[in-house]
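This is what each chain is made of:
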Amino acid sequence: MRSTILIISNDLKPSPLHTEQKDEVHLKTCFAANAAEAEMRIKEEHPHLILVALDNAGIEPCSFSRHILDKKPAGKIMFFTTSEELTLTFDSLKQLPPGQLEKILVPEKEMKAPDQSSAQSHGRFDNDGLIGNSPELQKIKEIILKIAPTCSTVLLQGESGTGKEVIARSIHAHSNRKNGIFMPVDCAAINESVIESELFGHTRGAFTGADRNTLGLIRSSDGGTLFLDEIAELPMLLQSKLLRTLQERAVKPVGSSKIYPVDIRIIAAANSNLAEAVKKGIFRQDLYYRLNTVTIFAPPLRERLCDIPRLCTHFTAKLIGEGYPRKSISSEAIAALCSFNWPGNIRELENVIRRALTLSKGDHISPEDLSIPTGETDHDPRSCKAEPASMAFHEKETIRKALNHTTGNRRAAAKLLGISEATLYRRIKLYSI
């Protein structure tokens, strides 16, 4: 493991910081005379510490820091008024033993063996709620580890109930913004008449009832991550305003002439195919391209049935911790759960376990306690379908067909069904669609 110090100054001459010693990771020193040369050195050497003398390098500290830390988030920067101050600090660093200086400069995660670091990283995903070891989920975890430290926008696509918000929270938890706020926003749940002021904020008197200034959800997420769920439900006018916010990293509240800078990462999610929505003219193509820097597809539960036992253990422990009766799930019940098609995906599985913990008798949950079709089948269990049993089933299937017909667009589906968006939203939550 090599650690490196970059010195930006016109006065200091290149000289070795330490000679390589046996059983010690040696430290390398490189030099730059100005910001342009420094950027080249950073790309080549990836320094862990940057020492900057401001008297002759022509560098403005704030803009330089933001620019460099965007490229190397784990780096450290120290500014000095004069080259003499830098020299004094540099001479002090020379006096430290190589091993001690290495501990100061090199992040702990880089000191660990790669396999150990990787194993620990993947282990942390359980705390994020990404439960399972299926190949589909392992691929998502690997993508998260790659993109989390960057500032890239992320688009999550997949059926409702597949855990897109869990993936978004995991990206946030593994990013440099993990100490900032994670702000989830369900674009389908906010009334269209107020969604602009909810997102962008408003000034006092901007409209009837606006009796005070508000920041809005975007400015409230400054320094953190904004998760826009059901992004396809955002009205076209606001899609344009969101695009401008992404491009300019600034927000203009409703009724204000001022523009406020914001530093946020946006993760968007949709349970419909946004590319198809673009073709139909109900989603802006330029916004789609802007959000589509990195796309992650959340697999449906029927494609990762091997994760169901671990998910059952996770949900059972979680719900017992919330006060539900302490019970265990029998192996026969687990087998029955693994034989179901799960149209409502992980959200539906959690609801089935919740009902079973509440209504089952005894200390064990059996197949009879599950509110899903059970029994032997002569066909692939992945193709199992629920049997019509009630008006609720028919209503659920009607809503599902309407959503499929409108490519997941809830506003269009509600119009097709002849009900309000609020009623449709409540039914979707009720039936875990």
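Residues numbered from 1 in each chain as written. Predicted model: local features only at pLDDT ≥ 70, side-chain atom pairs only at ≥ 80, totals over all residues. Heavy atoms only, no water.

Draft legend 1. Fine view of unusual backbone geometry. Despite not being glycine, Trp342 shows a phi value in the positive range, around 55 degrees. Inspection of the secondary structure puts Trp342 in the loop between helix 16 (331-337) and helix 17 (345-359). Taking the relative accessible area as the measure of exposure, Trp342 reaches 0% and is therefore buried. (Helix = DSSP H or I, 4+ residues; strand = E, 2+ residues; numbered from the N terminus. Buried < 20%, exposed > 50% of the residue type's maximum accessible area, 1.4 Å probe, protein only.)

Draft legend 2. Just the pattern of salt bridges, in detail. With the rule as written, the count across this model stands at eleven salt bridges. Here Arg284 makes a salt bridge to Asp286, at a shortest N to O gap of 2.7 Å. For Asp286, a relative accessible area of 31% gives the class partly exposed. Across the pair Asp307 and Arg304 runs a salt bridge, and its minimum N-O distance is 2.9 Å. (Salt bridge = Lys/Arg side-chain N within 4 Å of Asp/Glu carboxyl O.)

Draft legend 3. The nonpolar core, seen in detail. Of all hydrophobic cores here, the largest spans 32 residues; its most connected members are Leu199, Leu228, Ile231, Leu274 and Phe283. Within the residue set of this core, elements represented by two or more residues are strand 6 (182-186), helix 10 (195-200), helix 11 (216-220), strand 7 (225-229), helix 12 (236-248), strand 10 (265-270), helix 13 (274-279) and helix 14 (285-291). By residue number, the principal contributor to this core is helix 12, which donates four residues. Those residues in contact with Leu274 that lie beyond four places of it in its chain are Leu155, Gln157, Ile231, Ala232, Phe283 and Tyr288. Membership of the second largest hydrophobic core comes to 24 residues, among which are Ile334, Ala336, Leu357 and Leu370. (Core = buried A, V, L, I, M, F, W, Y, C linked by side-chain atoms within 4.5 Å. Contact = heavy atoms within 4.5 Å.)

Draft legend 4. Molecular detail of the environment of Asn409. Following the sequence through the fold, Asn409 ends up in the loop between helix 18 (391-405) and helix 19 (410-417). For the pair Asn409 and Asn273, spaced 136 residues apart in the sequence, the C-alpha separation amounts to 9.7 Å. Sequence-distant contacts of Asn409, that is, excluding residues within four places in its chain, are made with Glu233 and Ile282. There is a polar contact of 3.0 Å between the side chain of Asn409 and the backbone nitrogen of Arg411. One polar contact links the side chain of Asn409 to the main-chain amide nitrogen of Ala412, over a distance of 2.9 Å. (Polar contact = N/O pair within 3.5 Å; in protein donor to acceptor, adjacent residues only side chain to side chain.)

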